[in-house]
Amino acid sequence: MRPGDKVICINDKIDPDKTEEIRRDFEIWITKDKEYTIREILDNNGIVTGVLLEEVHNFPKFFKLINRFQEPAFAIWRFRKLQYNATPAEALSEVDELVEVEEEHLIKTK
């Protein structure tokens, strides 16, 4: 994944023991099955790779674990990259067949 990629949230669950921490750090949380666009990928000092999203902006916070202020990032494992540009071969074949049938029909009706 990289900035600009479209992704879908596959896991928005919060562990019960992390609920208070998440509510404190994130004003806006993600929603399962919703599409997002990656704005930035953060290494977080190698602890856990996080992503910032175009559709979600939270206020920066100070995180002791990484010893700096930053916008809270969502764990990258909560998302799956979407593939929009791939069209199945069968769908292309069906379109070609429809065009051919339409052209044959036009020739016969002239």
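Description of the structure in this document. (Residues numbered from 1 in each chain as written. Predicted model: local features only at pLDDT ≥ 70, side-chain atom pairs only at ≥ 80, totals over all residues. Heavy atoms only, no water.)

1. Remarks on the pattern of salt bridges
If you walk through the whole model with that rule in mind, you get three salt bridges. Close ionic contact of Glu27 with Lys61 constitutes a salt bridge, the shortest N to O distance being 2.8 Å. Of this pair, Glu27 sits in the loop between helix H1 (19–25) and strand S2 (35–42) while Lys61 sits in strand S4 (residues 61–63), and the two are 34 residues apart along the sequence. We note a salt bridge from Arg39 to Glu71, for which the minimum N-O separation is 2.8 Å. Highlighted residues: Arg39 in strand S2 and Glu71 in the loop between strand S5 (68–70) and strand S6 (74–75), separated in sequence by 32 residues. (Salt bridge = Lys/Arg side-chain N within 4 Å of Asp/Glu carboxyl O. Helix = DSSP H or I, 4+ residues; strand = E, 2+ residues; numbered from the N terminus.)

2. Remarks on the packing of aromatic side chains
Per the counting criterion, the structure on display carries five aromatic pairs. Ring centres of Phe26 and Trp29 lie 4.9 Å apart, and the angle between their planes is 85°; this geometry places the pair in the edge-to-face category. Residue Phe26 is classed as buried on the basis of its relative accessible area of 11%. For Trp29, a relative accessible area of 21% corresponds to the partly exposed category. Between the aromatic rings of Phe62 and Phe69, the centroid separation amounts to 5.3 Å while the plane-to-plane angle is 65°, which identifies the pairing as edge-to-face. Residue Phe62 is classed as partly exposed on the basis of its relative accessible area, which comes to 41%. Following the ring pairs from residue to residue traces out a cluster consisting of Phe26, Trp29 and Phe74. (Phe/Tyr/Trp six-rings, centres within 6.5 Å; stacked < 30°, edge-to-face > 60°. Buried < 20%, exposed > 50% of the residue type's maximum accessible area, 1.4 Å probe, protein only.)

3. Quick notes on the environment of Val56
Of note, Val56 is situated in the loop between strand S3 (50–53) and S4. A C-alpha to C-alpha distance of 9.4 Å links Val56 and Arg39, two positions 17 residues apart in sequence. In this structure Val56 touches Ile28, Tyr36, Arg39, Glu71 and Phe74, once residues within four positions along its chain are discounted. (Contact = heavy atoms within 4.5 Å.)

4. Things to note about the sheet that holds S3
Here five strands make up an open sheet; going across it, the order is S6-S3-S2-S1-S7 and the pairing antiparallel. Only two strands of the sheet have a single neighbouring strand rather than two, namely S6 and strand S7 (79–81). Here strand S1 (residues 6–9) runs beside S2; their pairing, made up of three bridges, is antiparallel. Note that in S2 the partner of Lys6 across the bridge is Thr37. (Pairing = 2+ DSSP bridges.)

Geometry only, nothing functional implied.
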